[in-house]
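The residues making up each chain are set out below.
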Amino acid sequence: QVQLVESGGGLVQAGGSLRLSCAASGRSLSSYALGWFRQAPGKEREFVAAISWSGGSPNYADSVKGRFTISRDNAKTTVYLRMNSLKPEDTAVYYCAARLWGVAATGASEYDYWGQGTQVTVSS
(Lines give C-alpha, C1' and ligand atoms only; values in the text may rest on other atoms or scores of the structure.)
Protein backbone atom coordinates (compact mmCIF):
# COMPACT_ATOMS: atom_id res chain seq x y z
CA GLN A 1 0.00 0.00 0.00
CA VAL A 2 1.31 3.42 -0.97
CA GLN A 3 0.13 6.44 0.98
CA LEU A 4 0.55 9.68 -0.92
CA VAL A 5 0.50 13.06 0.77
CA GLU A 6 0.14 16.28 -1.19
CA SER A 7 1.13 19.73 0.03
CA GLY A 8 1.70 23.23 -1.28
CA GLY A 9 -1.79 24.30 -2.21
CA GLY A 10 -3.21 27.67 -1.27
CA LEU A 11 -4.69 30.93 -2.44
CA VAL A 12 -2.87 32.88 -5.13
CA GLN A 13 -3.72 35.75 -7.46
CA ALA A 14 -4.06 35.22 -11.18
CA GLY A 15 -0.66 35.24 -12.82
CA GLY A 16 1.02 33.88 -9.71
CA SER A 17 2.80 30.60 -9.08
CA LEU A 18 2.60 27.64 -6.74
CA ARG A 19 4.55 24.44 -6.35
CA LEU A 20 2.72 21.32 -5.25
CA SER A 21 4.56 18.40 -3.69
CA CYS A 22 3.59 14.76 -3.32
CA ALA A 23 5.51 12.30 -1.19
CA ALA A 24 4.95 8.67 -0.26
CA SER A 25 5.12 7.86 3.40
CA GLY A 26 8.22 5.83 4.10
CA ARG A 27 9.10 4.73 0.60
CA SER A 28 10.73 5.75 -2.64
CA LEU A 29 8.62 6.54 -5.67
CA SER A 30 11.35 5.61 -8.14
CA SER A 31 9.42 2.62 -9.54
CA TYR A 32 6.14 4.47 -9.93
CA ALA A 33 4.52 6.45 -12.66
CA LEU A 34 3.18 9.61 -11.07
CA GLY A 35 0.36 11.80 -12.17
CA TRP A 36 -1.42 14.96 -11.13
CA PHE A 37 -5.15 15.34 -11.58
CA ARG A 38 -7.56 18.04 -10.50
CA GLN A 39 -11.25 18.35 -9.76
CA ALA A 40 -13.17 21.60 -9.70
CA PRO A 41 -16.57 21.88 -7.99
CA GLY A 42 -19.30 20.27 -10.06
CA LYS A 43 -16.82 18.88 -12.59
CA GLU A 44 -15.20 15.52 -13.19
CA ARG A 45 -11.64 14.79 -12.22
CA GLU A 46 -9.32 15.71 -15.08
CA PHE A 47 -5.76 14.90 -16.04
CA VAL A 48 -3.11 17.57 -15.53
CA ALA A 49 0.36 16.03 -15.91
CA ALA A 50 2.18 12.72 -15.59
CA ILE A 51 5.65 11.21 -15.66
CA SER A 52 6.50 7.55 -16.21
CA TRP A 53 8.50 5.45 -13.76
CA SER A 54 11.44 5.36 -16.19
CA GLY A 55 11.54 9.07 -16.95
CA GLY A 56 11.27 10.31 -20.49
CA SER A 57 9.03 13.06 -21.75
CA PRO A 58 6.23 13.99 -19.36
CA ASN A 59 2.64 14.23 -20.49
CA TYR A 60 0.56 17.40 -20.04
CA ALA A 61 -3.01 18.42 -20.58
CA ASP A 62 -3.33 21.02 -23.33
CA SER A 63 -4.81 23.48 -20.84
CA VAL A 64 -1.62 23.56 -18.75
CA LYS A 65 1.08 22.95 -21.37
CA GLY A 66 3.76 25.62 -21.18
CA ARG A 67 2.61 26.75 -17.71
CA PHE A 68 2.94 23.65 -15.52
CA THR A 69 5.96 21.40 -15.04
CA ILE A 70 6.04 17.97 -13.42
CA SER A 71 9.33 16.71 -11.99
CA ARG A 72 10.87 14.33 -9.47
CA ASP A 73 13.59 15.04 -6.96
CA ASN A 74 16.94 13.27 -7.35
CA ALA A 75 16.21 10.84 -4.56
CA LYS A 76 12.85 10.08 -6.21
CA THR A 77 10.96 10.42 -3.01
CA THR A 78 8.86 13.37 -4.08
CA VAL A 79 7.08 14.52 -7.23
CA TYR A 80 6.41 18.17 -7.85
CA LEU A 81 4.02 20.20 -9.94
CA ARG A 82 5.28 23.68 -10.61
CA MET A 83 2.40 25.90 -11.69
CA ASN A 84 3.11 29.27 -13.29
CA SER A 85 0.84 31.90 -14.83
CA LEU A 86 -2.08 30.58 -12.86
CA LYS A 87 -5.60 31.36 -14.02
CA PRO A 88 -8.91 31.35 -12.12
CA GLU A 89 -9.92 28.28 -14.13
CA ASP A 90 -7.02 26.39 -12.51
CA THR A 91 -8.93 26.51 -9.23
CA ALA A 92 -9.53 22.93 -8.07
CA VAL A 93 -8.49 20.25 -5.66
CA TYR A 94 -5.27 18.75 -6.99
CA TYR A 95 -4.57 15.06 -6.50
CA CYS A 96 -1.38 13.05 -6.82
CA ALA A 97 -1.64 9.49 -8.15
CA ALA A 98 0.80 6.59 -8.58
CA ARG A 99 1.06 3.29 -10.43
CA LEU A 100 3.86 0.78 -10.09
CA TRP A 101 5.94 0.44 -13.29
CA GLY A 102 3.42 2.61 -15.09
CA VAL A 103 3.66 4.96 -18.06
CA ALA A 104 2.70 8.63 -18.08
CA ALA A 105 -0.97 7.78 -18.47
CA THR A 106 -3.72 10.38 -18.76
CA GLY A 107 -6.61 8.29 -17.49
CA ALA A 108 -7.45 8.26 -13.80
CA SER A 109 -8.27 4.56 -13.99
CA GLU A 110 -4.63 3.85 -14.86
CA TYR A 111 -3.51 4.73 -11.34
CA ASP A 112 -3.77 2.58 -8.26
CA TYR A 113 -2.91 4.96 -5.44
CA TRP A 114 -4.23 8.42 -4.69
CA GLY A 115 -3.56 11.18 -2.21
CA GLN A 116 -6.22 13.13 -0.35
CA GLY A 117 -5.77 16.26 -2.44
CA THR A 118 -4.70 19.84 -1.85
CA GLN A 119 -6.82 22.89 -2.63
CA VAL A 120 -5.59 25.46 -5.12
CA THR A 121 -7.59 28.66 -5.42
CA VAL A 122 -6.71 31.33 -7.97
CA SER A 123 -8.38 34.69 -7.53
CA SER A 124 -9.00 37.08 -10.41
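Residues numbered from 1 in each chain as written. Predicted model: local features only at pLDDT ≥ 70, side-chain atom pairs only at ≥ 80, totals over all residues. Heavy atoms only, no water.

Draft legend 1. Main features of the overall build of the chain. Within the chain, the regular secondary structure consists of zero helices and 11 strands. Helices and strands appear in the chain in the N-to-C order β-β-β-β-β-β-β-β-β-β-β. In terms of overall size, the chain behaves like a compact globule, its C-alpha atoms giving a radius of gyration of 13 Å where 124 residues would be expected to give roughly 14 Å. Overall, the C-alpha framework of the chain stretches about 40 × 30 × 25 Å when taken along its three principal axes. The proportion of buried residues among the 124 residues of the chain is 44%. Accessible surface for the chain amounts to roughly 6,200 Å². Of this, 45% is attributable to carbon and sulfur atoms. (Helix = DSSP H or I, 4+ residues; strand = E, 2+ residues; numbered from the N terminus. Rg over C-alpha atoms; globule rule 2.2 N^0.38 Å. Buried < 20%, exposed > 50% of the residue type's maximum accessible area, 1.4 Å probe, protein only. Areas by Shrake-Rupley, 256 points an atom, 1.4 Å probe, with all protein chains shown as cover.)

Draft legend 2. Structural view of the sheet that holds strand β7 (residues 68-72). What the four strands build is an open sheet, ordered β1-β3-β8-β7; its pairing is antiparallel. The open sheet terminates on both sides in strands that have one partner only, identified here as β1 (4-7) and β7. Between one strand and the next, the sheet's axes are offset by a mean angle of 15°, whatever the strand orientation. The pairing of β1 with strand β3 (residues 18-24) spans four bridges and is classified as antiparallel. (Pairing = 2+ DSSP bridges. Axes fitted to C-alpha atoms, helices over the stretch in contact; angles between N-to-C directions.)

Draft legend 3. Representation of the side chain of Arg72. Within the element layout of this structure, Arg72 appears in strand β7. Although buried, Arg72 forms no salt bridge, and the nearest oppositely charged side chain, Asp73, lies 7.3 Å from it. A polar atom in the side chain of Arg72 sits 2.5 Å from the backbone oxygen of Tyr32. Reaching out from Arg72, the side chain makes a polar contact with the backbone oxygen of Ser52 at a distance of 2.9 Å. When sequence neighbours within four positions are dropped, the list of residues in contact with Arg72 reads Leu29, Ser30, Tyr32, Ala33, Leu34, Ile51, Ser52, Trp53, Thr78, Val79 and Tyr80. (Lys, Arg positive; Asp, Glu negative; His and termini not counted. Salt bridge = Lys/Arg side-chain N within 4 Å of Asp/Glu carboxyl O. Polar contact = N/O pair within 3.5 Å; in protein donor to acceptor, adjacent residues only side chain to side chain. Contact = heavy atoms within 4.5 Å.)

Draft legend 4. Examining the environment of Ser63 more closely. Tracing the backbone shows Ser63 in the loop between β6 (59-60) and β7. A C-alpha to C-alpha distance of 9.9 Å links Ser63 and Phe47, two positions 16 residues apart in sequence.

Draft legend 5. Focus on the nonpolar core. Residues Trp36, Leu81, Met83 and Tyr94 are the most contacted members of the largest nonpolar core, which totals 37 residues. For this core, the secondary-structure elements that each account for two or more residues are β3, β4 (32-39), β5 (46-51), β7, β8 (78-83), β9 (92-100) and β11 (118-123). With near-sequence residues (within four places) excluded, Met83 lies in contact with Gly16, Ser17, Leu18, Leu20, Arg67, Phe68, Tyr94 and Val120. (Core = buried A, V, L, I, M, F, W, Y, C linked by side-chain atoms within 4.5 Å.)

Draft legend 6. Up close: the pairing of β7. Only one face of β7 is covered, namely the face carrying Phe68, Ile70 and Arg72; the face carrying Thr69 and Ser71 is uncovered. The pairing of β7 with β8 spans five bridges and is classified as antiparallel. Looking across to β8, one finds that Phe68 is bridged to Met83.

Draft legend 7. Structural context of the environment of Ala92. Mapped onto the fold, Ala92 is located in strand β9. Spatially, the C-alpha atom of Ala92 lies 5.5 Å from that of Val120, the residues being 28 residues apart in sequence.

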